[in-house]
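Summary of structural features
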Amino acid sequence: MNDQNLERYGRHILLPEIDFEGQQKLLDSHVLVVGLGGLGSPASIYLASSGIGELTLCDFDDVELSNLQRQIVHTEDNLKINKAYSAKGFISSINSNISINVVDKKLSENEFDIYVNKYTVDAILDCSDNFQTRYSVNKVAFKNKIPLISGSAIRFEGQLAIFDFRDNSSACYECLFPDNGEENELRCADHGILAPVVGIIGVMQSLETIKVLLNLSPIKNKLKIFDGKSNEWKTIAFKKDKECAICSCSSDQF
């Protein structure tokens, strides 16, 4: 770590839970952020400013005017530009010393699997807005034993869960939300979203990611639900589903 990094990350290094060694571990880490919308915006900003050494930003969509109400990594100057490239430009202006990769297309489950293996991803943030992507990312994270930090938000409510697949006792996303093949998901475009709610969940995703990378007792097997109207959190504990089609099946099925 050079003198510039010592100055930049000095407030982290002062924390005994992080110190010099912990900050170096963050600098050596690679995090994949899937979705650069309302959740991925604050999450990616704080991961970059905290010194995650390599970020991969994945989003196939372009910036629209309606996004700017909550997707704070994008600006009016980047309308109609791919969100991953837009986010890279903003994040690079905050921390030019980290590596930022861009994936500007919708990856299949197999393509996600190839990517995380080829580039040695240490953690995955699911900041997507659809179940198909969430289920695919969950399968890939479980198969490769990569921690998955999942967030979602709609209206005044947000949800956060961490699936640390380095621990065999960890449940997976499908334990919590089984894939029944039904298209019953809520979308911001149809039901609305209060802008700061996605900010809160996205920031929490970045916090839990750092804790995961540093082994600082991140939340496990618990669903955190945030109520923006009352400003209260509710915690629901859940267990690994013995009948889960993903994490309870034998590894030779992958």
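Per an unreviewed UniProt entry, the protein goes by the name Molybdopterin-synthase adenylyltransferase and belongs to Methylophilales bacterium MBRS-H7. On record in UniProt, under Sequence similarities (unreviewed entry), the comment for the protein is "Belongs to the HesA/MoeB/ThiF family."

1. Thoughts on the overall build of the protein
For the protein, the count of helices and strands is ten helices and eight strands. Relative to a compact globule of 254 residues, whose C-alpha radius of gyration would be 18 Å, the protein shows 18 Å and is just as compact. Summarising its shape, the C-alpha atoms of the protein cover approximately 50 × 40 × 40 Å along the three principal directions. Within the span of the protein, comprising 254 residues, buried residues form 51% of the whole.

2. Some words on the sheet that holds strand β1 (residues 30–34)
As summarised here, the arrangement of the eight strands in space is β3-β2-β1-β4-β5-β6-β7-β8, forming an open sheet in which the pairing is mixed. Taken across any chain shown, the strands that pair with only one partner, and hence form the sheet edges, are β3 (99–103) and β8 (232–237). Sheet twist, expressed as the average angle between the axes of neighbouring strands with direction ignored, equals 15°. Note: β1 against strand β2 (residues 54–58), five bridges, orientation parallel. Among the inter-strand pairings, Val31 is bridged to a residue of β2, identified as Leu55. Taken strand by strand, helix α5 (residues 83–94) contacts β2 and β3, and its axis lies near 170° from that of β3.

3. Some remarks on the environment of Cys58
One can find Cys58 in strand β2. For the pair Cys58 and Cys127, spaced 69 residues apart in sequence, the C-alpha to C-alpha distance is 9.8 Å. In this structure Cys58 touches Leu32, Val33, Val34, Gly35, Leu36, Val103, Lys105, Leu107 and Phe112, once residues within four positions along its chain are discounted.

4. Considerations on the pairing of strand β6 (residues 157–163)
Counting buried positions along β6 yields six of seven residues, so the element is predominantly enclosed. Hairpin connection from strand β5 (residues 148–154) to β6: two residues lie between these consecutive antiparallel strands, with Arg155 at a positive phi of about 55°. As paired strands, β6 and strand β7 (residues 222–227) are joined by four bridges and run antiparallel to one another. Within the sheet, the bridge partner assigned to Gly158 lies in β7 and is Phe226.

5. Notes on the pairing of β5
Counting buried residues along β5, seven of its seven residues qualify, which places the element largely inside the surrounding structure. Burial along β5 is two-sided: the residues Leu148, Ser150, Ser152 and Ile154 and Ile149, Gly151 and Ala153 are all buried. Relative to β5, strand β4 (residues 123–126) is paired through three bridges, and the arrangement is parallel. Note on β5: the bridge partner recorded for Asp126 is Ser150. As a crossover connection, the stretch from β4 through helix α7 (residues 131–143) into β5 is right-handed. Of the pairings in the sheet, the one linking β5 to β6 comprises seven bridges and is antiparallel in character. Within β6, the residue paired with Gly151 across the bridge is Leu160.

6. A closer look at the packing of helix α4 (residues 40–49) against helix α10 (residues 195–213)
The interhelical angle for the contact between α4 and α10, taken along N-to-C directions, is 40°, at an axis separation of 7 Å. Judged by the twist between their axes, the crossing of α4 over α10 is right-handed. Two secondary-structure elements touch here, α4 through Pro42, Ala43, Tyr46 and Leu47 and α10 through Val198, Gly199, Gly202, Val203, Ser206, Thr209 and Ile210.

Cut-offs used in this document
- Residues numbered from 1 in each chain as written.
- Predicted model: local features only at pLDDT ≥ 70, side-chain atom pairs only at ≥ 80, totals over all residues.
- Heavy atoms only, no water.
- UniProt positions renumbered as here; feature names shortened; annotations may be inferred.
- Helix = DSSP H or I, 4+ residues; strand = E, 2+ residues; numbered from the N terminus.
- Rg over C-alpha atoms; globule rule 2.2 N^0.38 Å.
- Buried < 20%, exposed > 50% of the residue type's maximum accessible area, 1.4 Å probe, protein only.
- Pairing = 2+ DSSP bridges.
- Axes fitted to C-alpha atoms, helices over the stretch in contact; angles between N-to-C directions.
- Contact = heavy atoms within 4.5 Å.
- Right-handed = clockwise from strand over helix to strand, strands pointing away.
- Left-handed = near helix turned anticlockwise from the far one by under 90°.

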